[in-house]
Amino acid sequence: MTKDLAAYAAENGVKYFMISFTDLFGGQRAKLVPAQAIADMQTDGAGFAGFATWLDMTPAHPDMLAVPDPDSVIQLPWKPEVAWVAANPIMEGEDVAQAPRNVLRRLIAEAAAEGMHVKTGVEAEYFLLTPDGNALSDPYDTAEKPCYDQQAVMRRYDVVREICDYMLELGWGPYQNDHEDANGQFEMNWEFDDVLVTADRHSFFKFMTKSIAEKHGFRATFMPKPIEGLTGNGAHLHISVWDAPGAASKVNVFADDSKELGLSDQGRHFLGGIMKHATGMAAITNPTVNSYKRINAPRTSSGATWAPNTVTWTSNNRTHMVRVPGPGRFELRLPDGAANPYLLQAVTLAAGLDGVRTKADPGKRYEIDMYAEGHKVKGAPRLPLNMLDALRAYDSDKVLKAAMGEEFSEAFINMKMKEWNSFVSHFSRWEKDNTLDI
């Protein structure tokens with residue numbers, strides 16, 4: 001039964017709702033609606049001008065109405081008089097096809113129609129910086145090998161504990177927190193779930209982490225490579241497919257102990273789709289100019305980038321784009337912290353569904369250290385070197401574009417090309433340093 005948001009407000013002491021949607025660039029947009037007005041908003045939606053956000057619209061477009069999905073509602077643990085609710089944008093009675101949450105919802109329905117109920121978990125890494133973003137928040141976090149540094153994580157205990165306490169309160173099932181491989185970097189893990197639930201939680205996690213960091217006088221960033229020479233922020237995705245959605249799921253259809261690495265034929269084909277479309281997927285899993293400073297990075301100060309640069313897969317080996325750490329699931333290590341939470345899930349479904357439909361083969365499995373021996377791999381595609389290459393790869397992948405939706409794909413490419421053109425028109429200090437005396 002659909003939740004009545006007005007009744008929810010009365011029962012939980014909610015005074016305001018944040019009706020939130022995510023635009024093409026991953027920006028979270030919201031209107032703050034008093035509880036007294038939420039009944040009408042639940043039916044009709046809150047009005048937005050799409051052109052005022054990163055959507056491919058003009059000022060002449062009609063109102064875009066963000067209709068809240070009451071199943072997604074989350075009461076802010078740190079400000080309980082406010083509740084956040086994800087919304088589905090519509091315009092003139094139709095879903096806005098380019099809106100990321102709508103893209104994901106459509107692909108979920110396609111997968112369900114073919115008996116596939118995808119579940120995912122995401123590892124969202126972030127840095128804690130000073131408010132101006134120019135330095136680490138902890139001047140003592142200087143170890144050459146900072147991963148799992150217990151002193152460093154305890155110096156930021158108040159921030160990490162508060163976020164984890166809230167995830168426990170919300171019933172997400174958080175199970176571990178750590179200092180990651182870069183100085184100033186952290187990772188917090190919670191239980192996997194249906195893709196839409198994970199996408200909503202990923203979106204809310206970013207909002208919550210930034211909010212709690214600000215409360216403590218810091219700045220949290222999910223930027224792919226915020227500090228030169230240090231490991232970047234990944235958003236690794238763990239993927240499995242089940243026989244039913246939600247709590248009704250009983251059987252992991254990716255699991256088959258009789259097959260290679262315990263991955264069923266369907267799981268292997270799904271993986272094959274990801275390998276087949278990986279270079280095009282990168283435009284969405286790694287969507288910024290800065291993203292390519294992470295996946296094509298030189299050796300970091302800790303000794304490894306922990307990011308791929310070639311389309312390869314393996315068993316339990318973190319130097320490849322995909323690893324299969326155990327039966328019935330695999331980890332996609334390509335995405336970074338800038339990935340749109342909804343588009344990340346959507347493009348994974350789109351590639352995987354095509355793989356299942358075409359019985360795609362993932363190709364040869366490599367059991368080597370890609371950082372030391374990657375030059376030995378012949379024939380595996382390299383990941384794009386920059387955002388322009390990624391956009392061109394996506395644009396040339398007709399199957400992936402169609403699966404994501406032609407209207408979405410056209411809007412996404414148009415907006416991201418404008419971003420690329422803005423970047424290349426920027427006059428940099430590097431140009432002057434290297435060209436002034438030529």
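Keep in mind that what you see is a predicted model, and the values were worked out from it rather than measured.

(A) Examining the overall build of the protein chain more closely. Along the protein chain, the regular secondary structure elements total 14 helices and 16 strands. Here the C-alpha radius of gyration of the protein chain, 22 Å, is about what a compact globule of 438 residues would show, namely 22 Å. Projecting the C-alpha coordinates of the protein chain onto the three principal axes gives extents of approximately 65 × 50 × 45 Å. Residues classed as buried in the protein chain amount to 56% of the 438 residues present. When contacts within the protein chain are restricted to residue pairs at least 6 apart in sequence, those whose partners lie at least 24 apart make up 70%. For the protein chain, the accessible surface area stands at approximately 19,100 Å², while carbon and sulfur atoms represent 52% of it. If the 44 positive side-chain charges of the protein chain are averaged to one point and the 58 negative ones to another, these points end up 4 Å apart.

(B) View of helix H11 (residues 387–396). Met387, Leu388, Ala390, Leu391, Ala393 and Tyr394 are the residues of H11 that are buried. Tucked into the core, H11 has its buried residues touching helix H7 (265–285), helix H8 (292–295), helix H12 (398–404) and helix H13 (406–424). Capping the start of H11, asparagine 386 holds a side-chain oxygen 3.1 Å from the backbone nitrogen of leucine 388, two or three residues further along.

(C) Expanded view of the pattern of salt bridges. Considering all chains together, one arrives at 24 salt bridges under this definition. Note that glutamate 110 and arginine 357 form a salt bridge whose closest N and O atoms lie 3.1 Å from each other. Of this pair, glutamate 110 sits in helix H3 (residues 100–113) while arginine 357 is found in helix H9 (residues 341–358), placing the two residues 247 residues apart along the sequence. With a relative accessible area of 43%, arginine 357 lands in the partly exposed category. A salt bridge links arginine 429 to aspartate 433; the shortest N-O distance between them is 2.9 Å. Highlighted residues: arginine 429 and aspartate 433, both in helix H14 (residues 429–435), separated by four residues, approximately one helical turn.

(D) Quick peek at the UniProt feature "domain: GS beta-grasp" (unreviewed entry) in the protein chain. UniProt feature "domain: GS beta-grasp" (unreviewed entry): in the numbering of this structure it lies at residues 12–94. The distance from the first to the last C-alpha atom of residues 12–94 is 32 Å, and the span holds 10% helix and 42% strand.

(E) Spotlight on the side chain of glutamate 125. By secondary structure assignment, the location of glutamate 125 is in strand S8 (residues 117–129). One buried charged residue, glutamate 125, forms no salt bridge at all, with the nearest opposite charge on arginine 294 at 5.8 Å. Not counting residues up to four positions away in its chain, the partners in contact with glutamate 125 are Glu180, Gln185, Phe186, Glu187, Phe222, Gly232, Asn233 and Gly234.

(F) Spotlight on the layout of surface pockets. Counted as a void, the largest pocket has a volume near 700 Å³. Along its surface, the largest pocket is lined by 38 residues, and Glu123, Glu187, His238, Arg323 and Glu331 are the ones closest to its centre. Of all the secondary structure elements, the ones that give two or more residues to the lining of the largest pocket are S8, strand S9 (174–179), strand S10 (185–190), strand S13 (235–242) and strand S16 (329–332). If you tally residues by element for the lining of the largest pocket, the top one is S8, at six residues. Looking at the lining of the largest pocket residue by residue, the classes come out as 10 nonpolar, 14 polar and 14 charged.

(G) Layout of the packing of H7 against H11. Across the interface, H7 lies against H11 with an axial gap of 7 Å and an inter-helix angle of 120°. Taken together, the axes of H7 and H11 are oblique relative to one another. The way H7 lies across H11 gives a crossing that is left-handed. Residue-level inspection shows Thr279, Gly280, Ala282, Ala283 and Ile284 of H7 in contact with H11, the latter providing Ala390, Leu391, Ala393 and Tyr394. For the contact of H7 with H11, a count of residues per class yields seven nonpolar, two polar and no charged.

(H) The arrangement of the domain arrangement of the protein chain in detail. Taken domain by domain, the protein chain consists of domain 1 (14–87) and domain 2 (106–430). When each unit is reduced to the centre of its C-alpha atoms, the spacing between domain 1 and domain 2 is 26 Å. On the side of domain 2, 25 residues touch domain 1, which itself brings 19 residues to the contact. Contact between domain 1 and domain 2 buries roughly 1,800 Å² in total, counting both sides, with carbon and sulfur atoms accounting for 72%.

(I) Representation of the nonpolar core in the model. Of all hydrophobic cores here, the largest spans 116 residues; its most connected members are Phe17, Tyr126, Phe205, Ile274, Met321, Phe330 and Met404. Of all the elements, H9 adds the most residues to this core, at 10 residues. If we ignore the near neighbours within four places in the chain, the residues touching isoleucine 274 are Ile239, Met281, Met321, Val322, Phe330, Leu332, Thr348, Ala351 and Gly352. One finds Phe127, Leu129, Ala182 and Leu230 within the second-largest nonpolar core, a separate group that totals five residues.

(J) Fine view of the packing of aromatic side chains. One pass over the structure, following the stated rule, counts 21 aromatic pairs. Residues tryptophan 78 and phenylalanine 204 carry aromatic rings whose centres are separated by 5.9 Å and whose planes lie at 40° to one another, so their mutual orientation is tilted. In this pair, tryptophan 78 sits in the loop between strand S5 (74–75) and strand S6 (82–91) while phenylalanine 204 sits in helix H6 (residues 195–215), placing the two residues 126 residues apart along the sequence. For tryptophan 78, a relative accessible area of 18% gives the class buried.

Procedures and definitions
Residues numbered from 1 in each chain as written. Predicted model: local features only at pLDDT ≥ 70, side-chain atom pairs only at ≥ 80, totals over all residues. Heavy atoms only, no water. Helix = DSSP H or I, 4+ residues; strand = E, 2+ residues; numbered from the N terminus. Rg over C-alpha atoms; globule rule 2.2 N^0.38 Å. Buried < 20%, exposed > 50% of the residue type's maximum accessible area, 1.4 Å probe, protein only. Contact = heavy atoms within 4.5 Å. Areas by Shrake-Rupley, 256 points an atom, 1.4 Å probe, with all protein chains shown as cover. Lys, Arg positive; Asp, Glu negative; His and termini not counted. Charge placed at Lys NZ, Arg CZ, Asp CG, Glu CD. Polar contact = N/O pair within 3.5 Å; in protein donor to acceptor, adjacent residues only side chain to side chain. Salt bridge = Lys/Arg side-chain N within 4 Å of Asp/Glu carboxyl O. UniProt positions renumbered as here; feature names shortened; annotations may be inferred. 1 Å grid on protein atoms, 1.4 Å probe; cavity = no way out; pocket = protein on both sides within 12 Å on 5 of 7 lines; lining within 4 Å. Points joined across faces, edges and corners; volume = space filled by probe spheres on them. Nonpolar A, V, L, I, M, F, W, Y, C, P; charged D, E, K, R; others polar. Axes fitted to C-alpha atoms, helices over the stretch in contact; angles between N-to-C directions. Parallel < 35°, antiparallel > 145°, perpendicular 65-115°, else oblique. Left-handed = near helix turned anticlockwise from the far one by under 90°. Domains from an automatic or database assignment. Buried area = accessible area lost by both parts, 1.4 Å probe. Core = buried A, V, L, I, M, F, W, Y, C linked by side-chain atoms within 4.5 Å. Phe/Tyr/Trp six-rings, centres within 6.5 Å; stacked < 30°, edge-to-face > 60°.

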